[in-house]
Amino acid sequence: MMQILSKPWPWYVAGPLIGLTVPLLLILGNKSFGISSSLRHICAACLPAGIPFFKYDWRKEAWNLFFVAGIFLGGFLASFWLKNPEPVQVHPQLHQELSKYGIQDYSSLVPKDIINWNNLFTLQGILMMVLGGFLIGFGTRYAGGCTSGHAIMGLSTLQWPSLIAVICFMVGGFFSAHFIVPLILSLK
Amino acid sequence: MENPVKTSPIVETNTDFEVRSLDTICVNESQLEHKWYHKLKYLLAGIFFGIVLVKAEVVSWFRIQEMFRLQSFHMYGIIGSAVLVGALSVFLIKKLRIKTIYGEEITFHPKKFTKGQIFGGLLFGIGWAITGACPGPLFAQIGMGATVVLITLLSAIVGTWVYGYLREKLPH
């Protein structure tokens, strides 16, 4: 049993489980699934600085912070109890492309060759981790949601503005993966 | 107890659809007050969700690269089937008028279109491909022991803050 669970789960198992998070949160307490707003609550709690966008009672949304703390713990549990001993399998074409940039380490889902503390102090590392993170925070809040809030919750409730947001996520991602990511990876 | 949201100067429309309490300022807001430990159920829900994210490799930088290079169906299958199950659940909740475990009515709030969904969406998409993570996976990756992702998360919090700071000046 543990052996089956520690293998990567197929999409048709994981996707429906992720979809069930929508009714789970609704039934637990009428909560709309959405993760990126946790970043806003952290700002509101730690450094509201008189900005109107952060002047609200974040304690009312504290459930969201419990939820993301759970995701952190879930990440810990999954990687220590259900760790997949095999290297990460990727498409051969991607493997070939990445080897050009010296990416060899497939022991973790987060590529250790580029996402590590030493690399943080290089231009490549700053662009990947600092700029990349900034765009996630700025972009999701500007769009009013992320993959969970717009793609899953928004599309599940048939909101057309969410469909537009999701199309833009994908357009940005395609552009970035084809033009920006190779540029960043070639820096060394 | 007085509700601080009611007295705060926010009069603009809420464009942030994940922050429900801002949508419901004057609408029958829940009068239920629970002790803090009632929120532990969301911690458990998060643990469940985090385990699924890791085991399905949604947190994988490699999977995100494959998705944007059309080299794998995996991520499309996950998002597609999640939306199907989510939509079916929402349909059933509405149809059968299912209530929360506290017997409260479940409510939905229509989203309004703003240009932010376009500009913000594009910017987030660029960041998604670079970091190989959206906000949920950032938390899971740190839990997995990729401690440097803490910097990416901090940077995302800074990005959110800067958006809040510049909000009035940005096109919406």
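Residues numbered from 1 in each chain as written. Chains lettered and ligands numbered in written order. Predicted model: local features only at pLDDT ≥ 70, side-chain atom pairs only at ≥ 80, totals over all residues. Heavy atoms only, no water.

A.B. asks: Looking at this structure, I do not really get the environment of Thr114 of chain B. What am I missing?
C.D. replies: Tracing the sequence through the fold places Thr114 of chain B in the loop between helix H5 (74-95) and helix H6 (116-131). Among the polar contacts made by the side chain of Thr114 of chain B, one reaches the main-chain amide nitrogen of Gly116 of chain B at a distance of 3.0 Å. (Helix = DSSP H or I, 4+ residues; strand = E, 2+ residues; numbered from the N terminus. Polar contact = N/O pair within 3.5 Å; in protein donor to acceptor, adjacent residues only side chain to side chain.)

A.B. asks: Would you mind showing me how to read the domain arrangement of chain A here?
C.D. replies: When the parts of a complex come together, some accessible area is lost, and that lost area is often taken as the interface size. All names here are of chain A. Its domain assignment divides chain A into domain 1 (1-86) and domain 2 (90-188). The gap between the C-alpha centroids of domain 1 and domain 2 is 19 Å. On the domain 2 side, the residues contacting the 13 residues of domain 1 number 11 residues. Between domain 1 and domain 2, roughly 870 Å² of surface is buried when both sides are summed, and carbon and sulfur atoms account for 70% of that area. The largest share of the area that domain 1 buries against domain 2 comes from Val22, Phe33 and Ser36, three residues that together contribute 48% of it. One can count zero salt bridges joining domain 1 with domain 2. At the surface where domain 1 touches domain 2, the tally comes to two residue pairs in polar contact (both at pLDDT 80 or more). Elements that contribute at least two residues to the side of domain 1 that touches domain 2 include exactly helix H2 (11-29) and helix H3 (37-46). (Domains from an automatic or database assignment. Contact = heavy atoms within 4.5 Å. Buried area = accessible area lost by both parts, 1.4 Å probe. Salt bridge = Lys/Arg side-chain N within 4 Å of Asp/Glu carboxyl O.)

A.B. asks: Got a minute to help me understand the packing of aromatic side chains in this structure?
C.D. replies: Aromatic ring pairs are defined here through the distance separating the ring centres and the angle between the ring planes. Under the counting rule described, the total for this entry stands at 25 aromatic pairs over all chains. Their ring planes at 75° and their centres at 5.6 Å tell us that Phe174 of chain A and Phe68 of chain B sit as a pair that is edge-to-face. Here Phe174 of chain A, found in helix H8 (residues 160-186), pairs with Phe68 of chain B, found in helix H4 (residues 61-68), and the two come from separate chains. For the pair Trp161 of chain B and Tyr165 of chain B, a centre-to-centre distance of 5.5 Å together with 10° between the ring planes defines the contact as stacked. Here the residue Trp161 of chain B and the residue Tyr165 of chain B both occupy positions in helix H8 (residues 149-166), the gap between them amounting to four residues, near one helical turn. Residue placement shows Arg40 of chain A over the ring face of Phe53 of chain A; its charged tip is 3.7 Å from the ring centre. The ring of Phe108 of chain B has Lys94 of chain B lying over it, and the distance from NZ or CZ to the ring centre is 4.8 Å. (Phe/Tyr/Trp six-rings, centres within 6.5 Å; stacked < 30°, edge-to-face > 60°. Lys NZ or Arg CZ within 6 Å of the ring centre and 35° of its normal.)

A.B. asks: I keep staring at the interface of chain A and chain B and nothing clicks. Help me out?
C.D. replies: Each partner contributes to the interface: chain A provides 137 residues, whereas chain B provides 125 residues. Summed over both sides, the interface between chain A and chain B buries roughly 11,400 Å², with carbon and sulfur atoms accounting for 75% of that surface. The three residues of chain A that bury the most area against chain B are Trp11, Leu109 and Tyr142 of chain A, which together make up 8% of that side's buried surface. Scanning the region where chain A abuts chain B turns up one salt bridge.

A.B. asks: Honestly, the environment of Gly74 of chain A in this entry has me stumped. Any pointers?
C.D. replies: Checked against the element boundaries, Gly74 of chain A lands in helix H4 (residues 62-81). Ignoring any residue separated from it by four or fewer positions in sequence, one finds Gly74 of chain A in contact with Ile47, Gly50 and Ile51 of chain B.

A.B. asks: Sorry if this is basic, but what is going on with the confidence of the model for chain B here?
C.D. replies: Parts of the prediction with low pLDDT should not have their coordinates interpreted in detail. Residue and element names in this part refer to chain B. Per-residue confidence for chain B averages 88 on the pLDDT scale, and 81% of its residues sit at or above 70. Low pLDDT (under 50) marks residues 1-11, which in the prediction has 11 contacts with non-local residues, meaning those over four places away or in another chain. Confidence drops under a pLDDT of 50 for residues 23-28, and excluding neighbours within four residues, the segment shows six contacts in the predicted structure. Among the prediction metrics, the complex's ipTM stands at 0.96, with pTM recorded as 0.91. (pLDDT = per-residue confidence, 0-100.)

A.B. asks: Just to check I follow, could you spell out the side chain of Ser81 of chain B for this structure?
C.D. replies: Position of Ser81 of chain B relative to the elements: it lies in helix H5. Setting aside residues up to four positions removed in sequence, Ser81 of chain B forms contacts with Trp11, Gly15 and Pro16 of chain A.

A.B. asks: How should I be thinking about the packing of H4 of chain A against helix H3 (residues 40-55) of chain B in this particular structure?
C.D. replies: The description of two helices packed together rests on the angle between their axes and the distance between the axes. For the pair H4 of chain A and H3 of chain B, the least separation of the axes is 6 Å and the interaxial angle reads 40°. The angle between H4 of chain A and H3 of chain B places the two elements in the oblique class. When you trace H4 of chain A past H3 of chain B, the crossing you get is right-handed. Contacts from Trp63, Phe66, Phe67, Ala69, Gly70, Ile71, Leu73, Gly74, Gly75, Leu77 and Ala78 of chain A of H4 of chain A reach H3 of chain B at Leu40, Tyr42, Leu43, Ala45, Gly46, Ile47, Phe49, Gly50, Ile51, Leu53, Val54 and Lys55 of chain B. When the residues that make up the contact of H4 of chain A with H3 of chain B are grouped by side-chain class, the tally is 17 nonpolar, five polar and one charged. (Axes fitted to C-alpha atoms, helices over the stretch in contact; angles between N-to-C directions. Parallel < 35°, antiparallel > 145°, perpendicular 65-115°, else oblique. Left-handed = near helix turned anticlockwise from the far one by under 90°. Nonpolar A, V, L, I, M, F, W, Y, C, P; charged D, E, K, R; others polar.)

A.B. asks: Got a minute to help me understand unusual backbone geometry in this structure?
C.D. replies: Backbone geometry follows two general trends: most residues other than glycine have a negative phi, and most peptide bonds adopt the trans configuration. With a phi angle near 60°, Asn30 of chain A is a residue other than glycine that sits in the positive phi range. As for its placement among the helices and strands, Asn30 of chain A is situated in the loop between H2 and H3. Given the relative accessible area of 6%, Asn30 of chain A is considered buried. Phi is positive for Arg97 of chain B, close to 50°, though the residue is something other than glycine. Within the secondary structure, Arg97 of chain B sits in the loop between H5 and H6. (Buried < 20%, exposed > 50% of the residue type's maximum accessible area, 1.4 Å probe, protein only.)

A.B. asks: Hey, could you run me through the nonpolar core in this one?
C.D. replies: Membership of the largest hydrophobic core comes to 97 residues, with the highest contact counts inside it found for Ile18, Phe33, Ile35, Phe67 and Ile71 of chain A together with Trp61 and Trp128 of chain B. Three or more residues apiece are contributed to this core by two domains, here domain 1 (1-86) and domain 2 (90-188) of chain A. In contact with Phe33 of chain A, other than residues within four places in its own chain, are Thr21, Val22, Leu25, Phe67, Ser148, Gly149, Ile152 and Met153 of chain A together with Phe49 of chain B. (Core = buried A, V, L, I, M, F, W, Y, C linked by side-chain atoms within 4.5 Å.)

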